[in-house]
Each structure stands twice: as structure tokens, then as C-alpha cells.
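Examination of the molecular architecture
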Amino acid sequence: MIKKSHVEDKIFDLVIFTVLALLVVVTVYPFWNTIAISLNDGLDSIRGGVKLFPRKFTMQNYKVLFIDDRLLKAFGISVSRTILQTALSVFCTSMLAYALSRHEFVLRKPLTIILVISMYVSAGLIPSYMLIKRLGMLNSYAVYIIPNIINVFNFILVRTYIHGLPDSFIESARIDGANEFTIFLHIIMPLIVPAIAMICLFVAVDAWNSWFDTYLYCSGKVNLHSLQYKLMEFLQSSQNQSASASDANSMSVAAASGAASGMVTPISIRASITIVATLPILVVYPFLQKYFVVGMTIGGVKE
């Protein structure tokens, strides 16, 4: 009986490992294939068949992307915006969550209800644009930061995490004469590091990938264009040039004959843009993964 149970466990483990291996392949292959295409000659990529490794290795796709100084400036805008937005949003959201988690705060319930309603009901794009315009934030760097300081979903996560902390910590600090800001900064913040790390990842990914706010509010000021917006413009211009130059069949013939080697195409540029946009997040994520896993269990266990 014991031997049979041992065999069944082996079979079960084998099935689980097989399923997980297939999931890994399905998840990793598209990204690996994108890397291979981004490192492959543009015209050669049109022929298809590039799978795991580039058929004609080249760095031309990336050189074309970063040959323009404006793209480097846009990279700086995206980096500074991501850092500032993440820092301010995490601090202000956490501080608001602490304030509205205190039972002695009279207005905590109505304010929480208002915040939750705002998460489900939006005024729409036109009122938002008019508000930004009347606040004088059009074509200004502030439009990247101020409207995104408070995120209601992140507020709920942090507030839920704070609710799970013992009240004795706060009461002891008050007995010792600490004010609310001191309690928040020196007691609450160190205790909610997993929740902070999780919302850091959420805010940073959203800030890094954002381009639509640039299109709406800062398209008229080139110095404030973000990297994602520049990459979107670059992809559109590459597609337009390809459509007006020649069809795919003639380009394939040119690739087969070895002509116009090093020419970029929408396929290769799209792959390069995807890697450039994704790589910074992939570099940061491993350092926050353990906090992300802990943070995702917030509210999962009730005592």
C-alpha cells in the first residue's frame, strides 16, 4: 500500500512538472523570439522563420532607435518621471491609508466611500482634460506627477495591510509622546514594507509604460515627451515609410539577394521597441519579487 502510494506521488509530481514546464515554455518563448527578431537583420526578418536565435545578427535596429538625441532625452524624462511618481505616490498613498485606518478619525468612513466611488466612476476624458487645462498643467512636467499621486486601489491594499497590524504599537508610541507623523514615519512605514514594495512595482510599471498622458497633455512640447511616446511615434513613422516605399514581396526579394543589408523594417523595430520598453522592469522585478508575493496575500487570511 505504501509502495503504491509512493508510485502515485511520483506520477503526480511528473504531471505537475510537465505542466509547469509547458507553461514556462509558453511564457518565455514569445519574449525570447522577440529578442531574436530585434537582433536580426530587418529585411531578413520579413522572410519569417526567425525562432530562437537571429539568422543574420545585427545591432542596427537598436542603433536606429538611439541614434537620435531626442530619444535619449525622452529616456531621461521617463526615468525621472518613474522615480518621482513612484516615490510621491507611495508616500502619499501610504500616509492617506494610515490616516483613514484610524478608528478615532471621524471622517474615515465617508472619505473612504468617496475614494472607492471615484475608482469605479470616472468623469471621462474631456472633463479630465478641461481640469488639467484649468489647473495650468498642460505642457508641463507636473502633469506627469500630480494627477497620479493617489491611487485608490493601492490605497485599499495598504489600508488593509495596516488594519492587520497590532494597535499596541501605535498606542505605545503615543504614550511615549510621539505625534501621528512620527508614528507613521518610524513605526508604520517599516512594518508595511511588503505592501510598499508591491505598490512600488505597480506604480513604477504604470509610470514607465505610460504614453497616452504625453499624447494628451504634452504632445506640443518636445522636451517633455516620454520614451514610450517617442517609441510609439518611431514605430508609426517606420510603418508609414514601409508602406510608402514598397510592398513586402519586393522587400523579401531584396533580402534574398542581399541588397539593402542593414535596413530596418516595422517588424524589427517593433521587436526592438518591445525589448527597450520591457527590459528596465525585468531588471527591477527580481529585487521586489519576494515583497510582491507577500503583498499579494494581503487580506487573504482572516483571523
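A few points on the structure. (Residues numbered from 1 in each chain as written. Predicted model: local features only at pLDDT ≥ 70, side-chain atom pairs only at ≥ 80, totals over all residues. Heavy atoms only, no water.)

Our next topic: the environment of I269. Within the element layout of this structure, I269 appears in helix α15 (residues 266-295). Given the relative accessible area of 0%, I269 is considered buried. (Helix = DSSP H or I, 4+ residues; strand = E, 2+ residues; numbered from the N terminus. Buried < 20%, exposed > 50% of the residue type's maximum accessible area, 1.4 Å probe, protein only.)

To continue, consider the packing of aromatic side chains. Across all of its chains, the model carries 10 aromatic pairs by this definition. Ring centres of Y98 and F184 lie 5.9 Å apart, and the angle between their planes is 35°; this geometry places the pair in the tilted category. Taken as a pair, Y98 in helix α4 (residues 69-99) and F184 in helix α10 (residues 180-191) lie far apart in primary sequence, 86 residues in all. F184 shares its class with Y98; the two are buried. Between F212 and Y215, the aromatic rings sit 5.9 Å apart at their centres with planes inclined by 25°, giving stacked as the arrangement. One end of the pair, F212, and the other, Y215, are both in helix α12 (residues 212-217), 3 residues apart, so they sit about a helical turn from each other. Put simply, the rings of F91, Y98 and F184 pair up and form one aromatic cluster. (Phe/Tyr/Trp six-rings, centres within 6.5 Å; stacked < 30°, edge-to-face > 60°.)

Looking now at a nonpolar patch on the surface. Taken together, V7, I11, F12, V15, I16, F17, V19, L20 and L23 make up a surface patch of nonpolar side chains, about 840 Å² in accessible area. Position of V7 among the secondary structure elements: in helix α1 (residues 2-38). (Patch = residues over 30% accessible without salt bridge, like charges linked within 9 Å, V, L, I, M, F, W, Y side chains within 5 Å. Areas by Shrake-Rupley, 256 points an atom, 1.4 Å probe, with all protein chains shown as cover. Salt bridge = Lys/Arg side-chain N within 4 Å of Asp/Glu carboxyl O.)

From the geometry alone we can't say anything about function, so treat these as descriptive.
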